[in-house]
Amino acid sequence: MGVMKAITGAEAAAEAMRQINPDVVVAYPITPQTPIVEQFAKFVANGVVDTEMVPVESEHSAMSATVGAEAAGARAMSATSSQGLALMWEIVAATPGLRLPVVMSLVNRTLSAPLNIHCDHSDVMGVTTLGWIQIFSENAQEVYENLPLAVRVAEDPRIQLPAMVNQDGFITSHAVEPVEIFEDDAIRRYVGVRSMERALLDLNHVETIGAMVLPDYLLEVKRAQEEAMSHVFEVYTEAGRELTAITGHAYPFFETYKTEDAEAVIVVLNSAAGTAKVAVDAMRAKGKKVGVLKPILFRPFPYAAVREALRKVPVVGVLDRSMDFGAYAPVYSEIRNVLYDVDQRPATQSYIYGLGGRDIMSTELESVFDELLGGTVDPEHQRYVGLRE
Amino acid sequence: MPTLQDIALKTDGVDARLVSGHRMCAGCGIPAVVKTVLAASDKPVIVLNATGCLEVTSAVYPFTAWNTPWMHLTFENAAAVAAGVESAYKALKRRGRVEEDINILAVGGDGGTYDIGFQALSGALERRHKFMYLAYDNEGYMNTGNQRSGATPFGASTTTVPAGTASFGKAQWRKNLVEIAAAHRIPYVGQAAVHNTLDLYKKAEKGFKADGPAVLAVLQPCTTNWAYDPALTMQYSKLAVETNFWPLYEVENGVVHINVKPAKRRPVEDFLKGQSRFKHLFKTENQHLIAEMQQMIDDEWTRLVKLEETGVQL
């Protein structure tokens, strides 16, 4: 049993980092991530942690120094949002190829232009092809628990890949919620100490890290990276089970809410899943059988398991908080892929919602459910929730 | 102080930190620069290498010429990676997981230093990470075939600013990395050249021992893209110093000291001639550019001597 604290999602991330007490934290401020590194800086300033904190001059250097620290043998963490992720993109792309288990918070924010500091998923959806493990969090509690889980999965010898823990900018990062904080010792034992294997600072085993790899070997390197990614499901399950022993919470690849007998299901990431559950309850009170599927582990994507969960649903609406211009939206694409192998495929409809931090109301989601149940879906054309034409 | 022979013994054989088998051009001075600098460390050295000539020729999987911990990440961030390594080192030492003392060396060419890596370098110097940054300066993007950089000298023809009927090549003077680095108030900055091994070694030793960040800018003539006989690398490096084109000096805690003062300054033509990048300057219509260049070199030298004489802190 933990202690309940009223904290924001950003503070929940900082709280997890306090308990993890990483060797190195590299920070550069960007809204709405800033309160994570500010809160952590206070822990450093007050001796609550003995982490080496490096306040760098840009996000590019933030990820470069994080990667350098990890290559040296440290457990290093960082946090960013939107433009920051875009600036560090080059190094974000390089990290998985070096097999360095960096864990970073991503506080999801719209990518410019136009400039907008509020939440959508256009930042993360630009990096899902790069080889990071991607974990999404509905609320502050999940943020807090997903971070130590990410450390364990990323650093497992079978994996050695970086992981990003997503939370919605402002909606989660700045809203105060009750969060159950577990014992420091339990979390510290859970994450343990990072192995020094292959570390630059292991001077008895001199390593060359980041050699140039030409056409004769590159394919094999990338194949090995994919092999590691494929082990994430088993490691995530194992590490989740161990975390359950501390928290009592489950760590599935995705959450289903009242989907068993549902005639329509909404698939949606992060905080809007909470709103969707409220809409489900309202619909069910009116006798309408609807449910929600909330992806949590987005990379690797658990296609087979999601397929089983959606196989018998007549109609699936997928809500994306970002667009892929001229193509199906990112989450919708995954769900279409999932359903291809089902004999009697559910009908599907793509919806774009909440861009630039626009609120999504439970009543709007009820309308979406009504539309799905009404059978007027058009799988080829995405619709826009709350758009002013 | 070691003799040249002592240094030679440290930079040769299987115990050297950079060993033979790399793929650098015949006549390239980069291995000599790097071996000499690494030999000047009395502790193990972790090397963080920016993309460039040295990196692409020294670690081509599954081979490596590095007999010391080495890492390459990308082009513009060797100083930031070094900052991360140094922070990890401090943290792990504090936590009792690393015991040995080490030195940290970030190394890049002039493109990775003066241009694209400039911000990361400035940030790392300002934060006073304990590391040395080595720029081997061949005055352009030589790994990719002679493109203009912030270190390319006035008058040089490059593939991105070629000399032609309407252009004489680069119209701007080069950046002064030493003074920019010194402006960060770091304890040690040195300017050296590949031919003067003892001077380079001494500067590297001071840099490693400095109580904070250090920067070394080392001239490294490029046989391939300056297009001269590979046997003449050391000769061109020497001429750069004897013409005052590349003075050997250092800034120790802000105080300037000139290490080599040519008894008689040679004309800049002696350095320019024989290099394809300056060939066009010898055409009659371009002779005034050489005079202009000579004036700039002499003015810079006068300024440097004044800085030394007045003892004013940079």
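Residues numbered from 1 in each chain as written. Chains lettered and ligands numbered in written order. Predicted model: local features only at pLDDT ≥ 70, side-chain atom pairs only at ≥ 80, totals over all residues.

Peer 1: Looking at this structure, I do not really get the overall build of chain A. What am I missing?
Peer 2: What chain A contains, in helices and strands, is 13 helices and 16 strands. By residue count, 54% of the 389 residues in chain A fall in the buried class. Considering only contacts in chain A between residues 6 or more positions apart, those separated by 24 or more positions represent 81%. (Helix = DSSP H or I, 4+ residues; strand = E, 2+ residues; numbered from the N terminus. Buried ≥ 20, exposed ≤ 12 C-beta atoms within 10 Å, placed from the backbone. Contact = placed C-beta atoms within 7 Å.)

Peer 1: I tried to follow the domain arrangement of chain A on my own but got confused; where do I start?
Peer 2: Where interface size is given, it is often the accessible area lost as the parts come together that is meant. All names here are of chain A. Under the domain assignment used here, chain A contains domain 1 (3–247) and domain 2 (254–384). A C-alpha centroid distance of 28 Å is found between domain 1 and domain 2. Between domain 1 and domain 2, the residue contacts involve 29 residues of the former and 20 residues of the latter. Contributing elements (two or more residues each) for the side of domain 1 that touches domain 2: β6 (133–136), β7 (163–168), α8 (218–230) and α9 (232–247). The biggest single contributor to the side of domain 1 that touches domain 2 is β6, with 4 residues. (Domains from an automatic or database assignment.)

Peer 1: Explain the packing of helix α11 (residues 303–310) of chain A against helix α12 (residues 330–339) of chain A to me, please; I cannot follow it from the model alone.
Peer 2: In a pair of packed helices, the angle between the axes and the distance between the axes together describe the arrangement. All names here are of chain A. Two elements in contact, α11 and α12, have axes whose closest approach is 9 Å; the angle formed by their N-to-C orientations is 75 degrees. When the axis of α11 is compared with that of α12, the two are roughly perpendicular. Touching Tyr303, Val306, Arg307 and Leu310 of α11 are Asn337, Val338 and Leu339, all from α12. In the contact of α11 with α12, the residues fall into 5 nonpolar, 1 polar and 1 charged. (Axes fitted to C-alpha atoms, helices over the stretch in contact; angles between N-to-C directions. Parallel < 35°, antiparallel > 145°, perpendicular 65-115°, else oblique. Nonpolar A, V, L, I, M, F, W, Y, C, P; charged D, E, K, R; others polar.)

Peer 1: Got a minute to help me understand the sheet that holds strand β4 (residues 132–137) of chain B in this structure?
Peer 2: Hydrogen bonds along the backbone pair up the strands of a sheet, which may run parallel or antiparallel. The strand order across the open sheet formed by 9 strands is β9(A)-β2(B)-β1(B)-β3(B)-β4(B)-β8(B)-β7(B)-β9(B)-β10(B), and the pairing between neighbours is mixed. Of all the strands in the sheet, just β9 (208–209) of chain A together with β10 (255–258) of chain B have a single pairing partner and so form its edges. By the bridge criterion, 6 bridges tie strand β7 (residues 188–193) of chain B to strand β8 (residues 214–219) of chain B in an arrangement that is parallel. Paired with Gln191(B) across the bridge in β8(B) is Ala217(B). (Pairing = 2+ DSSP bridges.)

Peer 1: Would you take a moment to explain helix α12 (residues 287–310) of chain B for this structure?
Peer 2: Owing to its 3.6 residues per turn, the α-helix aligns residues three or four sequence positions apart on the same side. Residues and elements named next belong to chain B. Taking 1.5 Å as the rise per residue, α12 with 24 residues should run 34 Å; its terminal C-alpha atoms sit 35 Å apart, in good agreement. Taken as a whole, α12 has its buried residues at Leu289, Met293 and Ile297. Structurally, α12 contributes buried residues whose contacts are with β6 (167–168). Following α12 by one or two positions, glycine 311 has its phi on the positive side, about 70 degrees. (Expected span 1.5 Å × (residues − 1).)

Peer 1: For this particular structure, what's the right way to read the confidence of the model for chain A?
Peer 2: In low-pLDDT segments, the atomic positions of the prediction should not be examined closely. Looking at chain A, pLDDT values average 98 and 100% of them are 70 or higher. Per-element averaging of pLDDT across chain A places strand β2 (residues 24–27) of chain A at the bottom with 96 and β6(A) at the top with 99. (pLDDT = per-residue confidence, 0-100.)

Peer 1: Can you help me understand the interface of chain B and chain A in this one?
Peer 2: Taken together, the 36 residues of chain B in the interface contact 39 residues of chain A. Residue assignment for the side of chain B that touches chain A shows that the elements contributing at least two residues are β1 (45–49), β2 (70–72), α4 (78–94) and α6 (118–126) of chain B. Residue composition of the side of chain B that touches chain A, by class: 23 nonpolar, 10 polar and 3 charged. Here β9(A) pairs with β2(B) via 2 bridges, running parallel. Following the sheet pairing, Ile209(A) is matched in β2(B) by Met71(B).

Peer 1: Please explain unusual backbone geometry as it appears in this structure.
Peer 2: The bulk of non-glycine residues show a negative phi, and the bulk of peptide bonds are trans. Cis peptide bonds are those with omega within 30 degrees of zero, and the linkage from Ser112(A) to Ala113(A) qualifies with -5 degrees. Here Ala113(A) shows up in the loop between β5 (103–108) and β6. The amide bond that connects Arg299(A) to the next residue, Pro300(A), takes the cis arrangement and shows omega of -5 degrees. With respect to the secondary-structure elements, Pro300(A) resides in the loop between β13 (297–299) and α11. One non-glycine residue with positive phi stands out, namely Phe170(A), at about 65 degrees. In this structure, Phe170(A) sits in the loop between β7 and β8 (177–181). Residue Phe170(A) is classed as buried on the basis of its 20 C-beta neighbours within 10 Å. In this model, Arg128(B) sits at a positive phi of 60 degrees, which is unusual for a non-glycine residue. Locating Arg128(B) in the fold gives a position in the loop between α6 and β4.

Peer 1: So what exactly am I meant to see when it comes to the environment of Gly13(B) here?
Peer 2: Structurally, Gly13(B) can be placed in the loop between α1 (4–10) and α2 (30–39). Spatially, the C-alpha atom of Gly13(B) lies 23 Å from that of Gln220(B), the residues being 207 residues apart in sequence.

Peer 1: Would you mind showing me how to read the sheet that holds strand β16 (residues 383–384) of chain A here?
Peer 2: Residue and element names in this part refer to chain A. One open sheet accounts for 6 strands, arranged β10-β12-β11-β14-β15-β16; its pairing is mixed. The two strands at the open ends of the sheet, each matched to only one other strand, are β10 (254–257) and β16. Two elements, strand β11 (residues 264–267) and strand β14 (residues 315–320), share 4 bridges in a ladder whose sense is parallel. Looking at β14, one finds that alanine 264 is bridged to valine 315. Running at roughly 150 degrees to β14, α12 makes contact with β11, β14 and β15 (347–352) of the sheet.

Peer 1: Any chance you could explain the packing of α4(B) against α6(B) here in plain terms?
Peer 2: Residues and elements named next belong to chain B. In contact at an axis separation of 7 Å, α4 and α6 are set at 35 degrees when each is read in the N-to-C sense. Note on element contacts: α6 touches α4 through Ala120, Leu121, Gly123 and Ala124, opposite Ala79, Ala80, Ala82 and Ala83. When its residues are assigned to classes, the contact of α4 with α6 shows 7 nonpolar, 1 polar and no charged.

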